[in-house]
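Take a look at the letters that make up each chain.
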Amino acid sequence: MAANLEAVPEGRTRLVKSREEAFEALFKSEYARVAGIANRVLADPHEAEDVAQEVFINFHRLHSASAPFAPAWLHRAAAHTALNRVRGRRRREKRELAQAPEEASRTVDPQQMLEVGEDRRVVRAALARLAPKPAAVLVLRASGLSYAEVAQALGVGTGQIGTLLRRAEAALRKEVTRGSSI
Amino acid sequence: MFDDPDALTSSDRQHYAGCAGCQARYAGMADDARAVATLLAAPDLQPDVASAFKRVQSAPAAKPRFGFSLPILRPSSRPMFVGVAAAAVALAVVATAFANVLPLFQPKTVEPVPVTVADIQSLSALSEYGTLTWSTQPQPKIVLSAADAEAIAGFKAPAAGYLPSTMSKTITYAAMPKAVAVFTFDAGKAATAAAQTGQSLPKLPKGMDGSKLTVTVGPAIVEVYGKMNASSSSDASSQQINVPELVIGESAAPQVTSTQVTTKQLEDYILSIPGLSKDLKAALKAIGDPTSTLIIPVPIQYATSTSVTVQGVKGVAVGDNTGLGSGVIWIKGHVFAVVGPLKQIEVVKIANGLKS
């Protein structure tokens, strides 16, 4: 009887431990990639890591790390969360633009840095104006995911990725041109 | 072709070599692809995985919740959700009130009743007339398989015999063991609520103060078709609304038992609440056997309802006015529901093919 009573907590501890271990393994194998996807959208390594951690925390709250859909979920959530941050950035952008000359003065080539920053801003704004699926296709593929991985993350057939990607590339170029001329 | 030139077959290559149209199209696509690769260049990222993991570990503990959010659960919709929840409790009370034979309600069939937003608001005031406590908390859980759901609910998960060919093969299972709520009428609280709203709400009948209604719901299993997991963005403000392709639910029929309150008292009381539409009052009065009828509130401004036969029993099909979605509810031992952004005819077909 005593042995039975003790067996339950031990079993639970083991279960919790194995869940934590599974999450740690998932984190270690996917963190760099998830942060990379966010960085591709945000062009800001610090903010990208914030997003990656937020994505993992949310995943851990919702799902088991051993779920077969875990990597696909993380990739998609990273792209969408980062894109949402860009969409919500407008107010902050004004502040950053006001600070830009001050920051640029500390760099080796202020003019070049300013231009690079402005180009990135225009591209990210254009990316955020695309519909969610094309934007995610571009970001995931540019982050090094295979067609199959992009398809899994977005829940579409692998055969559709080539077409989606080509259309999204054309759409982004058009948006960037539009954004630059505004 | 641009990403993987080796993917071309020899016949494709031959065609390409002689087709100016294909060559021009390829040149355009390749140009787009190269331009986008440059546009999406990002600064170097060298993540410190170990310290990032420590930060994530120190985040608040995990707790189970549904892996997706319906539009109704978004923060901006909270008041509406609270209203609907309150209305659900109120309707359980209404159901009991009309169980004029025994203080026991255990539905065996379904009946639609028309409700307006004003009705919901009026009925939801009822929830202010007492205290709702859960003697057994509802504990819905997302599980990985039908077997896990069955272990929680204690009955076999419903299996769809017919599904439209376009339906997703991904099913998210959720299950909930039995939950028990106790609603205790409180004269003091009722008076305060009435005073706060400024409405002249009816006084609680004598002897009703302190009386209890026990509402038992579940166990239940819900199956959600669609890529809900993949699309449940981690950002609550996401603009992506994840609409399930189909939801199938099975639950033990709810039961309401009453102590002290006579059904006549409750019936009179509910019908005296100001603001209830004549249609709702008439529909409630017209219910044939209230002890065994589950009332399905149909918001008449937004939805329509029709009677259908499902698996040989009477069911209620509800559709929104735009034709974008429909659902069917029926009782055959348990309460079943099939809901989705589909035509009513499809939903009924799925319902008829359900094996439980």
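Residues numbered from 1 in each chain as written. Chains lettered and ligands numbered in written order. Predicted model: local features only at pLDDT ≥ 70, side-chain atom pairs only at ≥ 80, totals over all residues. Heavy atoms only, no water.

**Q** Teacher, can you tell me more about the pairing of strand S6 (residues 171-176) of chain B here?
**A** Strand residues, when the strand is regular, have side chains that alternate between the two faces of the sheet. Residue and element names in this part refer to chain B. Counting buried positions along S6 gives five out of six residues, so the element sits mostly inside the fold. The pairing of strand S4 (residues 141-143) with S6 spans three bridges and is classified as antiparallel. Following the sheet pairing, lysine 141 is matched in S6 by alanine 175. Relative to strand S9 (residues 220-225), S6 runs antiparallel, the two sharing six bridges. Across the sheet, the residue bridging to alanine 174 is valine 222, located in S9. (Buried < 20%, exposed > 50% of the residue type's maximum accessible area, 1.4 Å probe, protein only. Helix = DSSP H or I, 4+ residues; strand = E, 2+ residues; numbered from the N terminus. Pairing = 2+ DSSP bridges.)

**Q** Is there a simple way to explain the environment of valine 310 of chain B in this structure?
**A** All names here are of chain B. With respect to the helices, strands and loops of the structure, valine 310 is situated in strand S13 (residues 303-310). The exposure class of valine 310 is buried, given its relative accessible area of 0%. For the pair formed by valine 310 and isoleucine 350, sequence separation is 40 residues and the distance between their alpha carbons is 9.8 Å.

**Q** How should helix H3 (residues 49-57) of chain B be read in this particular structure?
**A** For an α-helix the count is 3.6 residues per turn, leaving residues at separations of three or four pointing the same way. Those residues of H3 of chain B not exposed but buried are Ala52, Phe53 and Val56 of chain B. The buried residues of H3 of chain B occupy one face: seen down the axis, they fall within an arc of 100 degrees. (Arc of directions from axis to C-beta.)

**Q** Looking at this model, I keep getting lost on the confidence of the model for chain A. Mind explaining?
**A** If pLDDT is low for a region, its predicted coordinates should not be looked at in detail. Residue and element names in this part refer to chain A. Per-residue confidence for chain A gives a mean pLDDT of 79; residues scoring 70 or more make up 73%. In the model of chain A, helix H4 (residues 90-104) stands out as the element of lowest mean pLDDT, 54, in contrast to helix H6 (residues 132-142), which has the highest, 93. Here residues 1-9 is modelled with pLDDT under 50, and outside its nearest four sequence neighbours on either side it reaches zero contacts, counting other chains as well. Confidence drops under a pLDDT of 50 for residues 102-108, and excluding neighbours within four residues, the segment shows three contacts in the predicted structure. (pLDDT = per-residue confidence, 0-100. Contact = heavy atoms within 4.5 Å.)

**Q** Explain the packing of helix H1 (residues 10-18) of chain B against helix H2 (residues 20-39) of chain B here, please?
**A** Relative placement of two packed helices is described by the angle separating their axes and the distance separating the axes. All names here are of chain B. At a minimum axis distance of 5 Å, the contact between H1 and H2 shows a crossing angle of 95 degrees. By the angle between their directions, the pair H1 and H2 is classed as roughly perpendicular. On the side of H1, the interface is formed by His15, Tyr16, Ala17 and Gly18, while H2 contributes Ala20, Cys22, Gln23 and Tyr26. Looking at side-chain class alone, the contact of H1 with H2 contains five nonpolar, three polar and no charged residues. (Axes fitted to C-alpha atoms, helices over the stretch in contact; angles between N-to-C directions. Parallel < 35°, antiparallel > 145°, perpendicular 65-115°, else oblique. Nonpolar A, V, L, I, M, F, W, Y, C, P; charged D, E, K, R; others polar.)

**Q** Whenever I open this one, the confidence of the model for chain B confuses me. Can you help?
**A** Residues and elements named next belong to chain B. The pLDDT averaged across chain B works out to 70; a share of 58% of its residues lies at or above 70. For the stretch residues 96-104, pLDDT sits under 50, and the model shows 31 contacts to residues farther than four places along the chain or on other chains. The low-confidence segment residues 229-241 (pLDDT under 50) makes 36 contacts with residues lying over four places distant or belonging to another chain.

**Q** How should I be thinking about the nonpolar core in this particular structure?
**A** Counting residues in hydrophobic clusters, the biggest one holds 58 residues, and the most contacted among them are Phe27, Phe56, Leu74, Leu127, Leu138, Leu140 and Leu172 of chain A. Looking at this core, the elements that each hand over two or more residues are helix H1 (2-42), helix H2 (45-62), helix H3 (70-87), helix H5 (110-129), H6, helix H7 (147-154) and helix H8 (158-181) of chain A together with H3 of chain B. The dominant element in this core, judged by the number of residues it contributes, is H1 of chain A, at ten residues. Every residue in contact with leucine 74 of chain A, bar those within four places of it in the chain, is listed here: Leu26, Glu30, Val34, Val55, Phe56 and Phe59 of chain A. With 17 residues, the next largest nonpolar core counts Ile248, Val328, Trp330 and Leu354 of chain B among its residues. (Core = buried A, V, L, I, M, F, W, Y, C linked by side-chain atoms within 4.5 Å.)

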